[in-house]
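The residues making up each chain are set out below.
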Amino acid sequence: MSRVCLDRSLWATAALLGGALAGACEPAPGDKAPASGADTASGGRVDADGDGASAAEDCDDSDATVHPGAAERCDGVDNDCDGAVDDDDTGLDPASAQAGFADADGDGFGDPDAPVVACVLPAGVVSEGTDCDDRDAAVHPGATERCDPLGTDEDCDGLVDDADDSLALSSTTAWYPDADGDGFGAAEATAVRACVPPDAAHVDDSRDCNDAVAAVHPGARELCDDAVDTACDGNLDESCQSATDADWVAVGPEESLAGGSLAVLDADGDGAPDLAIGAPGGATPGEGRGAVYVVPGPLRAGSFVLSIADPLLTGAHPWADLGAPLRRAGDLDRDGYDDLLVAAPGHVGEETDEEVGGVFLFTGPLTAGLSLGDAAATIEGRLRRERFGRTLAATLGDPSGDGVADLVLTAPEAGSGNGEVYVFFGPTTGLQSVDEADLTVTGAAASTHLGTQATGGSDLNGDGVADIVLGTEDHAEVSLFWGPLAAGSHTEADADHHIEGARYSSFGVAVQAADTNGDGHDDLIIRDASYGEDGGVHVFLGPVGARTVDAAAAHIVAFSSAAEVHLYEEPAGDLDGDGRADLLVAEPANATAAASAGAAAVFLGPVSGTLALDDAHYRIVGDALPGGQLGRIGRMADLDGDGRRDLVLSAWRAGDHQGRVYTFFGAGL
């Protein structure tokens, strides 16, 4: 009978039973007993460290903490026997690793929303996870809180800008109380330092020199003769200059009335504007022939005596008043040189042998010593009393629409004072009479004086074609004929559009057209020569649709029954170069410096509302020479070649009728 041996695991139980099973399960002869302290795994496999994994499965059978299924820890040992150690093992126990946070901006503080767990923290990972903006290295705990337009919490304490008591004072703005609400505070006031003003009554500019008067602050317009530093620049009344402040002065010969008219053109084709000066009194006292002088540009500071210069042209007859009006005609013959229109209201006609008046076209280049016979075109009036040539159109253009510039000429005394306007379709050459005009417009009634002033080069209805505007002296109405014009005879009543002034006023004695608001449309500017509240200059915005003076966008008035606001016969210029025409108006009878010494004022465009001469951006008064009537004639052009427009004003009766021409360079305005 064979024996059945107990499994080794039951031996201890057998011993406890008092040997009852002794002998029943003793090893058979030749069996070897297990070594002391050794164990075996199920199935008789060896497990030296007793961790439940056989030596064949265990990667370290001497360490009971190392075996398959063990927790991988940060100790450089493959604890779970999967071939991966520490950070390379996806089963790493987080409890044994280091905790960190990604620091994208490198400021030493990590993003709390970007935790990292690893045995060895990699570059770009830090232990502090308190950064409130990990995209900005300047934002982190301990950073300096500063004022910024985005309201950033630089030190990550939950408080922003003025709410944070750790705010850097150097980053704040000093806010000054603005008592008068003009946008400027007083330097002597106590400032509040903060990121934003404490209220609307605090500003960051402390340059106000009088915080009790809103009209006084830096950049305010200076008023003439008020002895107040309105602009807070340490100067008084700098916008109010005198003729004595001019940079360049021309003095005419005795009784020449130099400055009776002005024109700016490139007479010699050198690219620099030249100044043509009409002297209707002439170069020889007592003859009244008239003369035209051309001063070549660019002008340089100093004075110029016309009596030592050779005139460009002299009148052919006594009292011809040659040069009473001048007008730059542009380059009519397209040869690269500017041309010049010269009128002589007292010219004696070749066919009538009477003082019928004449207008002469001289083509460039223009050199001293010309005679009337050198004119490319001569147009003579009809009757002596009509004073043809007393005025020339403010602008020349192509109202006929045929691509060639036309001439618009007037005889305000024609008929019984009805007045006539003559349009000669270009090109115009040779000797002609007003009776040969392509288009004639006659005033509606006696004493209408149609053509007191006219303009023919501006598009006032916005259709792309030049129109003509005809002013009157005693009809209180301005007539507009839309281009293109067709040849024929018309009356004032045939006009396409009329604008009426106040009843019995002198609305329409002068007209201009220019874009005063920069919208690309020509605006219409009309002068009313009436004294008192009706008198002044009125601006109608284009395209023109207004029919009464009340519809004007701006009114410049004298506010004095003894004052006259004068408008120049040439278009407004752009003195400040902002692309919007500025208005040059005058008060010839102004007596600030001397009786009728005159004054001129510049209103920078755009203009609106009701304005007085004191509202002008610049004012210039005459010098101590009485009767000069400074400002009656003026121009705006860059005569010194510095790229800025200059202001040219004449006082044609100054100095015993010598006349003066004053130029103020743009740099000094």
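The structure under discussion appears in the preceding block.
Anyway, here's the lowdown on the structure attached to this text.

1. Quick word on the packing of aromatic side chains
Then comes step 1: A complete count under the given rule lists three aromatic pairs for this structure.
Then comes step 2: Ring centres of Phe388 and Tyr422 lie 6.0 Å apart, and the angle between their planes is 70 degrees; this geometry places the pair in the edge-to-face category. Residue Phe388 is found in the loop between strand S19 (377-380) and strand S20 (407-411), and its partner Tyr422 is found in strand S21 (residues 420-424); the two are separated by 34 residues along the sequence.
Then comes step 3: Taking the relative accessible area as the measure of exposure, Tyr422 reaches 0% and is therefore buried.
Then comes step 4: Ring plane angle 80 degrees and centroid distance 6.4 Å describe the contact between Phe507 and Phe540, whose orientation is recorded as edge-to-face. On the criterion of sequence distance, the pair formed by Phe507 in strand S29 (residues 507-514) and Phe540 in strand S31 (residues 536-540) is long-range, its members being 33 residues apart.
Then comes step 5: By relative accessible area, Phe507 is classed as buried at 0%.
Then comes step 6: Arg653 extends its terminal NZ or CZ atom over the ring of Trp652, reaching a point 4.5 Å from the ring centre.

2. Thoughts on the sheet that holds strand S27 (residues 488-491)
Then comes step 1: In spatial order, the strands read S20-S21-S23-S27; together these four strands make up an open sheet with mixed pairing. If you trace the sheet from one side to the other, it starts and ends with S20 and S27, each paired once. Going from strand to strand, the sheet's axes swing by 15 degrees on average, the running direction of each strand aside.
Then comes step 2: Note: S21 against strand S23 (residues 439-442), four bridges, orientation antiparallel. By the bridge assignment for S23, Glu420 is matched with Thr442.

3. With respect to the nonpolar core
Then comes step 1: Membership of the largest hydrophobic core comes to 19 residues, with the highest contact counts inside it found for Trp248, Leu262, Leu275, Ile277, Leu639 and Val661.
Then comes step 2: Leave out the neighbours within four places in its chain, and Ile277 touches Ala250, Ala258, Gly259, Ser261, Leu262, Ala291, Val292, Tyr293, Val295, Leu306, Leu326 and Val661.

4. Quick look at the sheet that holds strand S24 (residues 454-458)
Then comes step 1: In space, the four strands of this open sheet follow the order S24-S25-S26-S28, with antiparallel pairing throughout. The sheet is open, and its two edges are formed by S24 and strand S28 (497-500), each paired on a single side. On average, each strand axis in the sheet is inclined to that of its neighbour by 15 degrees, with strand direction left out of account.
Then comes step 2: Alignment of S24 against strand S25 (residues 467-470), held across three bridges, turns out to be antiparallel. Across the sheet, the residue bridging to Ala454 is Leu470, located in S25.

5. Concerning the pattern of salt bridges
Then comes step 1: A complete count under the given rule lists 13 salt bridges for this structure.
Then comes step 2: One salt bridge connects Arg390 with Glu473, and the closest N-O pair in it is separated by 4.0 Å. Within this pair, whereas Arg390 is found in the loop between S19 and S20, its partner Glu473 is found in the loop between S25 and strand S26 (477-481), the two being separated by 83 residues in sequence.
Then comes step 3: The exposure class of Arg390 is partly exposed, given its relative accessible area of 33%.
Then comes step 4: Residue Arg644 pairs with Asp642 through a salt bridge whose shortest N-O separation is 3.4 Å.
Then comes step 5: Residue Arg644 is classed as partly exposed on the basis of its relative accessible area of 44%.
Then comes step 6: A cluster of three or more residues bridged by salt bridges with shared partners is formed by Arg382, Glu386, Glu420 and Asp435.

Calculation rules
Think of each chain on its own: its residues are numbered from 1, step by step along the sequence as written. The predicted origin of the model limits local features to residues at a pLDDT of at least 70 and limits the giving and counting of side-chain atom pairs to 80 or more, whereas totals for whole chains, interfaces and linings rest on all residues. In computing side-chain properties, one takes all heavy atoms of the structure into account and sets aside hydrogens as well as water. Stacked, tilted and edge-to-face pairs are distinguished by plane angle, under 30 degrees for stacked and over 60 for edge-to-face with tilted covering the rest, among Phe, Tyr and Trp rings (Trp via its six-membered ring) whose centres lie within 6.5 Å. Numbering of helices and strands starts at the N terminus; helices are DSSP runs of H or I of at least 4 residues and strands are runs of E of at least 2. The buried label applies to any residue whose accessible area, calculated with a 1.4 Å probe on protein chains only, is under 20% of its type's maximum; exposed applies above 50%, and partly exposed to all values in between. For a Lys NZ or an Arg CZ to count as sitting over a ring, it must be within 6 Å of the ring centre and within 35 degrees of the ring normal. DSSP-based pairing: two strands are paired if at least 2 bridges between them are found. For helices, the fitted axis covers only the stretch in contact; all axes are lines through C-alpha atoms, and the angles between them, taken along N-to-C directions, range from 0 to 180 degrees. By nonpolar core we mean a set of buried residues, namely Ala, Val, Leu, Ile, Met, Phe, Trp, Tyr and Cys, connected to one another through side-chain atoms within 4.5 Å. Whether two residues are in contact is decided by their heavy atoms, any of which lying within 4.5 Å being enough. When a carboxyl oxygen of Asp or Glu lies within 4 Å of a side-chain nitrogen of Lys or Arg, that pair is called a salt bridge.

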